[in-house]
Amino acid sequence: MDLEKLLTDRLVPAFAAVAGGPVDPVVRRSPRADFQSDAALALARRLGRPPREIAAAVLERAELGDLCAAAEVSGPGFLNLTVADGALAALVGGLAGDERLGVPVSAAPERVVVDYSAPNVAKEMHVGHLRSTVIGDAAVRLLDWLGHRVVRVNHLGDWGTPFGMLIEHLVDLGEAEAGRALSMGDLDRFYRTARWKFDTDEVFRQRSRRRVVALQGGDPRTRELWRLLVEQSERYFLAVYALLDVTLTGVDFRGESAYNDRLAGVVADLDRMGLLTSSDGAECAFPPGFTGRDGAALPLIARKADGGYGYPATDLAALRHRTDELGATRLLYVVGLPQRQHFAMVFAVAEQAGWLRPPARAEHLGFGSILGADGRMLRSRAGDSVKLVTLLEEAVARATELARAKNPGLDAEAAAEIGRAVGIGALKYADLATERTRDHVLDWERMLSLDGNTAPYLQYAYARIRSVFRRAGTDPRPDVQIVLAEPAERALAVELLGFAAVVAETERTLAFHHLAGYLHRLAVTFSAFYERCPVLRATGELRESRLLLADLTARTLRQGLHLLGIRTVERM
Ligand code: ARG
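Residues numbered from 1 in each chain as written. Predicted model: local features only at pLDDT ≥ 70, side-chain atom pairs only at ≥ 80, totals over all residues. Heavy atoms only, no water.

### Topic: the overall build of the chain
Part 1 of the argument: Scanning the chain from terminus to terminus reveals 21 helices and 13 strands.
Part 2 of the argument: When the backbone C-alpha atoms are referred to their principal axes, the chain occupies close to 85 × 70 × 40 Å.
Part 3 of the argument: For the chain, buried positions account for 53% of its 572 residues.
Part 4 of the argument: Pairs at least 24 apart in sequence give 74% of the contacts found in the chain among residues at least 6 apart.
Part 5 of the argument: For the chain, the computed accessible surface area is about 25,500 Å², with 50% contributed by carbon and sulfur atoms.
Part 6 of the argument: Each charge sign in the chain was given a centre, from 71 positive and 74 negative side chains, and these centres are 1 Å apart. (Helix = DSSP H or I, 4+ residues; strand = E, 2+ residues; numbered from the N terminus. Buried < 20%, exposed > 50% of the residue type's maximum accessible area, 1.4 Å probe, protein only. Contact = heavy atoms within 4.5 Å. Areas by Shrake-Rupley, 256 points an atom, 1.4 Å probe, with all protein chains shown as cover. Lys, Arg positive; Asp, Glu negative; His and termini not counted. Charge placed at Lys NZ, Arg CZ, Asp CG, Glu CD.)

### So, the side chain of H321
Part 1 of the argument: Secondary-structure assignment places H321 in helix α12 (residues 311-325).
Part 2 of the argument: Apart from the residues within four sequence positions on either side, H321 is in contact with R254, Y259, R262 and L326.

### Thoughts on the packing of helix α1 (residues 3-19) against helix α2 (residues 39-47)
Part 1 of the argument: Taken N-terminus to C-terminus, the directions of α1 and α2 make an angle of 15°; their axes are 11 Å apart at the nearest point. Here α2 runs roughly parallel to α1, going by the angle between their axes. Handedness of the α1/α2 crossing: right-handed. Where α1 abuts α2, its residues F15, V18 and A19 lie against A39, A40, L43, R46 and L47.
Part 2 of the argument: For the contact of α1 with α2, a count of residues per class yields seven nonpolar, no polar and one charged. (Axes fitted to C-alpha atoms, helices over the stretch in contact; angles between N-to-C directions. Parallel < 35°, antiparallel > 145°, perpendicular 65-115°, else oblique. Left-handed = near helix turned anticlockwise from the far one by under 90°. Nonpolar A, V, L, I, M, F, W, Y, C, P; charged D, E, K, R; others polar.)

### Side note on the sheet that holds strand β1 (residues 27-29)
Across a sheet, paired strands are connected by hydrogen bonds in the backbone, their directions being either parallel or antiparallel.
Part 1 of the argument: Pairing within the open sheet is antiparallel, and its four strands lie in the order β1-β2-β4-β3. Sheet topology places β1 and β3 (68-74) at the edges, where each strand pairs with a single neighbour. Across this sheet, the average inter-strand angle for adjacent strands is 25°, counted without regard to direction.
Part 2 of the argument: Sheet analysis places β3 next to strand β4 (residues 78-83), joined by six bridges and oriented antiparallel. Among the inter-strand pairings, A71 is bridged to a residue of β4, identified as L81. (Pairing = 2+ DSSP bridges.)

### What to know about the site of the ligand
Part 1 of the argument: Around the ligand sit D115, A118, N120, H129, H155, Y311, D315, V335, Q339 and F343, and those are all the residues in its vicinity.
Part 2 of the argument: Measuring from an oxygen atom of the ligand, one finds a side-chain N or O atom of H129 at 2.9 Å.
Part 3 of the argument: In this structure, Y311 approaches the ligand through a side-chain N or O atom, which is 2.7 Å from a nitrogen atom.
Part 4 of the argument: Here the ligand has 350 Å² of accessible area as a free molecule, and 87% of this is covered by the chains.
Part 5 of the argument: The cavity where the ligand resides is the second largest pocket. (Near = heavy atom within 4 Å. Polar contact = N/O pair within 3.5 Å; in protein donor to acceptor, adjacent residues only side chain to side chain. 1 Å grid on protein atoms, 1.4 Å probe; cavity = no way out; pocket = protein on both sides within 12 Å on 5 of 7 lines; lining within 4 Å. Sits in = over half its atoms within 2 Å of the grid points.)

### Regarding the environment of A239
Part 1 of the argument: Tracing the chain through its elements places A239 in helix α10 (residues 220-244).
Part 2 of the argument: Sequence separation between A239 and G185 is 54 residues, and the spatial gap between their C-alpha atoms is 9.3 Å.

### Examining empty space enclosed by the protein
Part 1 of the argument: Counted according to the given criterion, the structure contains one cavity of 30 Å³ or more.
Part 2 of the argument: Approximately 60 Å³ is the volume attributed to the largest cavity.
Part 3 of the argument: Forming the walls of the largest cavity are R131, I135, D431, L432, T434, R436, L510, A511, F512 and H513.
Part 4 of the argument: Contributing elements (two or more residues each) for the lining of the largest cavity: α5 (127-145), α15 (412-432) and α20 (512-532).
Part 5 of the argument: Broken down by class, the residue content of the lining of the largest cavity amounts to five nonpolar, two polar and three charged. (Points joined across faces, edges and corners; volume = space filled by probe spheres on them.)

### Notes on unusual backbone geometry
Most peptide bonds take the trans form, and the phi angle of most residues other than glycine is negative.
Part 1 of the argument: The omega torsion across P358 and P359 is 5°, close enough to zero to call that bond cis.
Part 2 of the argument: The residue P359 is located in the loop between α13 (340-353) and β11 (361-364) in this model.
Part 3 of the argument: Phi is positive for V26, close to 50°, though the residue is something other than glycine.
Part 4 of the argument: Secondary-structure assignment places V26 in the loop between α1 and β1.
Part 5 of the argument: A residue is classified by how much of its surface remains accessible, and V26, at 38% relative accessible area, is partly exposed.
Part 6 of the argument: Positioned with a positive phi, A118 is a non-glycine residue whose angle comes to about 45°.
Part 7 of the argument: Within the secondary structure layout, A118 lies in the loop between β5 (111-115) and α5.

### Comments concerning the pairing of strand β6 (residues 149-153)
Part 1 of the argument: Pairing geometry for β5 and β6, over five bridges, is parallel. Each bridged residue has a counterpart across the sheet, and for R111 the counterpart in β6 is R149.

### Overview of the layout of surface pockets
A probe matching the size of a water molecule, rolled over the atoms, marks out where space remains unfilled.
Part 1 of the argument: For the largest pocket, the calculated volume is near 960 Å³.
Part 2 of the argument: Residue lining of the largest pocket: 30 residues in total, with D2, E4, A501, A504 and E505 positioned closest to the centre.
Part 3 of the argument: Looking at the lining of the largest pocket, the elements that each hand over two or more residues are α1, β1, α19 (499-509) and α20.
Part 4 of the argument: Here the residues of the lining of the largest pocket are counted per class, giving twelve nonpolar, seven polar and eleven charged.
Part 5 of the argument: One number sums up the size of the second largest pocket: a volume of about 620 Å³.

Right, dumping it as structure tokens:
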């Protein structure tokens, strides 16, 4: 049951009657009561009445008697609402038997395409791909849990002119050796060597150019070599996904090359609609509202001067495929902020072309960079960009070490399991708990700390509750009567009833730091409850009630972390 929604539903008709039209009561948690509604303040000017008077009129009409113990006008015109203990206890009790913890499945399920991860063949995944993969995975988990039909698309960079030099380098190395290097994750060296030969060796450069032509012309042998590059890289990426514990699989790869057959059609259709202009031999769209620093209209290149198609054309074809063929109405692109303008222009052109029209809409979920402790772009000691696997392995190693130090009796297998859950969880959480568009600093100490807004803190809170049940020697019983005797247990009840609202908000905004912040608040509130309200030493009804509150907290933490792609462990 969503407490905020319940209160909102009671206030809506009262506000409508007073305002003479629909009003959002804007109910939110309040420092003065349980909840507050601020809508009267915004209405005052429109209605030409003092806000306190409006708030009082709303209170008179609102049916709150069974839900609220107190409802009063305060300050300049807030409505302060205090939920009645009886209602609170009944609502929390209702969560116990609900597997979904009060979160309904969507009443209007959609087909959603999530474009995320998208590394490039024969190139190492870097920290930008880490963020995309982690955020995209959370979006997929959340939307899927809410009943949407989610299509994962891993828009692999598997096409373009660099493949000429990559294939020629593969030929030089021999297929077996090249395959080994790539699937083992020696991508950077492979790419750099190819690049170096291209830059320094005229003969190699000629071969590479011919190879691009052969690839585009569909030469069977060239396609075979290209497939090898793609497959070995995919195999490596899947190993990284397994380590990262995300839900992407081999069937989710739909690389840029998948749209090759549709590119000519995209350009022809744009041309037919009169949306293209020739500019220095290239065919360009100029979506309205995009200008460069000099004020000149910015082009989105549909076909290059050499007749080839590039990244923008591919994205247009992919978007059209997603709306027209997959029938998606929500298109998400989890890609770094530097590509903001690219996507804004692609969406604008797709709208002009009629490929993106309501109810379908596209959202670029842009994100900031991961910085090193020095506040600069993350680099290895040698000054290279950091290899993603190295980062993941370090996270697991550090967390395993901490688990061992904290609990020397732990056997190796248990320590490894905790190390994985906590290390990978910490890395994901540090990302998701930060506002998406902000840069965040990779700080091992902080993100692995058992204190603060961290994964280990939440995982520990979960494990601690599980240990209470081990000591109690009982399983939680869902059918007990909730007793709210202490303020701390009342506060916990209110917090537990807030899960549905934060999930609903996250569904809309995909701003996962709100969900993370909620889970942290829940764990902190539980901690205060646990300090003030003895659980195992309580008796009878009170003990049962407290055990149930503890169990609901554990279940909410586990579900919330699961939505973020983070595992819980039973002991820590
Ligand atoms: N492969 C690109 C990169 O590594 C990201 C692709 C993002 N998705 C898209 N539809 N353009 O930067």
